[in-house]
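# Observations on the three-dimensional arrangement
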Amino acid sequence: MALVLKNRLCSYFTGKTTILLLLSVVFFFAPSETAAQRRFSKTYPATRNVRLTLTNRSGTVTVEGWNRSEVQIQAYLEAPAASINPQVLNGTILINMVKDNYGRGDLGSVNFTIRVPFDAAVDIETKVGNLNVSNIRGTLVRAKISSDGDITLTNISAQWVAAENGIGNIFFDGDIQSGGTYRFTSMSGDINLRVPFNSSFKLIATAPSTRSINLGSFSNGNMRFVGDGRRVTGQVGDGSSYITVTNQRGTIAFIRR
Amino acid sequence: MVRLEFDLLFEEMNCEECQEHISQYLDGEIEVELSSNIRTHLSVCAECAKLYEDFSVILESCRDTNIIPSEIVPPNSQALWCRINNLIESEIKPEPPEEPKKGWLSHGWNLTFSQAGAAVIAVALISSLLTIVGIRNYFAPSGEDFTSRSSASQTTFEKVLSKIGLADTPQQARERRIREQQAAIDYWTKRVQERRGQWDVKMRDAFDRNLHLIDESVSEYTIILQENPDDDLTGEMLDTVLNDKMDLLREFSDL
């Protein structure tokens, strides 16, 4: 009886030891995400109508408006970590990851979370990665992705909005201001625009490949399909602003807010 | 003595006088004394003798040939020789200094009021035409105008300009634009080729994927335009995707 108990205990401890050893090996060699990331954080006082200009290489950029007169930049730099060197010039906060890391080939992505005053002008671009902008009521919002990535602009109230990407979706949810200009361009993906029902604008929407242009409740007698349905031109309300949408190989849809 | 005689004879007739009377001498329409002087001068002056020979050959040719009809031989040979002589003299003598030019109105440009009005209108029209052509060409690369338009959407005025060669046809403008874009694309492609070795895999994949997609669109639009050159929208889209390609290459060339 005692011998049986001893054998069981031995096998029990031997099994546990093996598991512990295996786990320690796994933890030792597995790449630790938190250890690989370097964190950058800096806060700048913001003047009225501050402008943020960011050029990233790869990674996700999130810009949020907040009710403070300061700009907070947080960045998570994956290894090998890129150099980051924000500059403040005449009310503009400049971050240029391409210039700051010119000639450095293999760099990890940099994921930014930036908070700016509501009335800031936001001008961001990246080569690869997603761009998100929300809660901005400044004069300008521009987001450009040179290749792959989604653009999401939510709760935007700006006179000049431009979103451009290669492969990826574009979503805009915001106001269309009188006298404003709104331009959305994609090579492939879906462009969805959610705007207030009482918006007034002149529209040129072109989807030459899919011919999928859904005006939703903005469709009216002033709209004209041209080029065998590849383009829609027309006017909604008094046409006090301009919306240009071009999606070479994707769809375009308007959603009433 | 001989030398003195030679000098005297030579002094009696100079080259200018000899050449002045040489045609009359050839025609035998000259006084005996003058004829003698000429003969003497020709015997001692190689230059005038050469001229005499040339004139003789020309005269013989005119008289002997049957190819030249008799009616075109001037009846007054003396007058002809005078003219030839004058021509030779005009070549030899230095040109008199030019008189200061008088105003164009003084050369018989006495225009009536209606003629002057018409001239002003013509100048205004031509300058307007040139201005329009200039402006049209200046704005040509914008992509959403003349370069991406078909002949169907041309105005009559533009068609006239195209016909007379003052402006490109939409097709020519489009081809020119594509050539310019292609040159820029070639340049940026070389730059990208130099740099892409340093990109990471993620960056290379994203670039290649997007470039491939753009190239597909370029091919599609090119085929459509070959089938239907008047397709304005496709022309515009081709221009757009070529610009997109240029942008993509340029933006990745600085990595």
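Residues numbered from 1 in each chain as written. Chains lettered and ligands numbered in written order. Predicted model: local features only at pLDDT ≥ 70, side-chain atom pairs only at ≥ 80, totals over all residues.

## So, the overall build of chain A
Check the secondary structure of chain A and you find three helices and 21 strands. Burial analysis of chain A (257 residues in total) assigns 39% to the buried set. Within chain A, counting contacts between residues at least 6 apart in sequence, those at least 24 apart form 57% of the total. (Helix = DSSP H or I, 4+ residues; strand = E, 2+ residues; numbered from the N terminus. Buried ≥ 20, exposed ≤ 12 C-beta atoms within 10 Å, placed from the backbone. Contact = placed C-beta atoms within 7 Å.)

## Remarks on the pairing of strand β12 (residues 160-167) of chain A
All names here are of chain A. Where burial is concerned, most of β12 is hidden: six out of the eight residues are buried. The pairing of strand β10 (residues 140-145) with β12 spans five bridges and is parallel. Looking at the pairing, valine 141 lines up with valine 161 of β12. Across seven bridges, the pairing between β12 and strand β14 (residues 181-188) is parallel. Residue pairing in the sheet places alanine 162 in a bridge with arginine 183 of β14. (Pairing = 2+ DSSP bridges.)

## Quick notes on the nonpolar core
Residue and element names in this part refer to chain A. Grouped together as the largest cluster of nonpolar side chains are 56 residues, with contacts concentrated most on Leu52, Val116, Val122, Val133, Val141 and Leu153. The element that contributes the greatest number of residues to this core is strand β4 (residues 70-77), accounting for five residues. Structurally, this core is a two-domain feature, drawing no fewer than three residues from each of domain 1 (34-148) and domain 2 (169-257). Filtering out sequence-adjacent residues up to four positions away, leucine 52 remains in contact with Val63, Val71, Ile93, Ile114, Val116, Ala120, Val122 and Asp123. (Core = buried A, V, L, I, M, F, W, Y, C linked by C-beta atoms within 7 Å. Domains from an automatic or database assignment.)

## As for the packing of helix α2 (residues 15-27) of chain B against helix α3 (residues 32-44) of chain B
Axes are the key here: two packed helices are described by the angle between their axes and the distance separating the axes. Residues and elements named next belong to chain B. Viewed as axis vectors pointing N to C, α2 and α3 meet at an angle of 115°, and their least axial separation amounts to 10 Å. Comparing their axes, α3 and α2 come out roughly perpendicular. The two elements α2 and α3 meet at a crossing, and its hand is left-handed. For the pair α2 and α3, contact is made by Cys18, His21, Ile22 and Tyr25 and by Leu34, Ser35, Ile38 and His41, respectively. Per-class residue counts for the contact of α2 with α3 are five nonpolar, three polar and no charged. (Axes fitted to C-alpha atoms, helices over the stretch in contact; angles between N-to-C directions. Parallel < 35°, antiparallel > 145°, perpendicular 65-115°, else oblique. Left-handed = near helix turned anticlockwise from the far one by under 90°. Nonpolar A, V, L, I, M, F, W, Y, C, P; charged D, E, K, R; others polar.)

## Describing the pairing of strand β9 (residues 131-136) of chain A
Residues and elements named next belong to chain A. Here strand β3 (residues 61-66) runs beside β9; their pairing, made up of four bridges, is parallel. Its bridge partner being in β9, valine 63 is matched across the sheet by valine 133. Bridge analysis of β9 against strand β11 (residues 151-156) gives five bridges, and the strand direction is parallel. Residue pairing for β11: asparagine 132 is matched across the bridge by threonine 152.

## Describing helix α9 (residues 201-227) of chain B
Taking 1.5 Å of rise per residue, 27 residues should cover 39 Å, and α9 of chain B covers 39 Å from first to last C-alpha, within 8% of that figure. Listed as buried for α9 of chain B are Met203, Ala206, Phe207, Asn210, Leu213, Ile214, Ser217 and Tyr221 of chain B. In the core, the buried residues of α9 of chain B are packed alongside β2 (51-58), β8 (121-128), β12 and β14 of chain A together with α10 (232-253) of chain B. (Expected span 1.5 Å × (residues − 1).)

## Side note on the sheet that holds strand β16 (residues 201-206) of chain A
Residues and elements named next belong to chain A. Strand order in the open sheet made by the 11 strands is β5-β6-β2-β8-β10-β12-β14-β20-β16-β19-β18, with mixed pairing throughout. Both outer strands of the open sheet, β5 (87-89) and β18 (224-226), are each paired with one neighbouring strand and no more. Each adjacent strand pair in this sheet contributes to an overall mean axis angle of 10°, direction not counted.

## Things to note about the interface of chain B and chain A
At the junction of the two partners, chain B supplies 22 residues and chain A supplies 21 residues. Ranked by residues supplied to the side of chain B that touches chain A, first place goes to α9 of chain B with nine residues. Its residues assigned to classes, the side of chain B that touches chain A shows 12 nonpolar, four polar and six charged.

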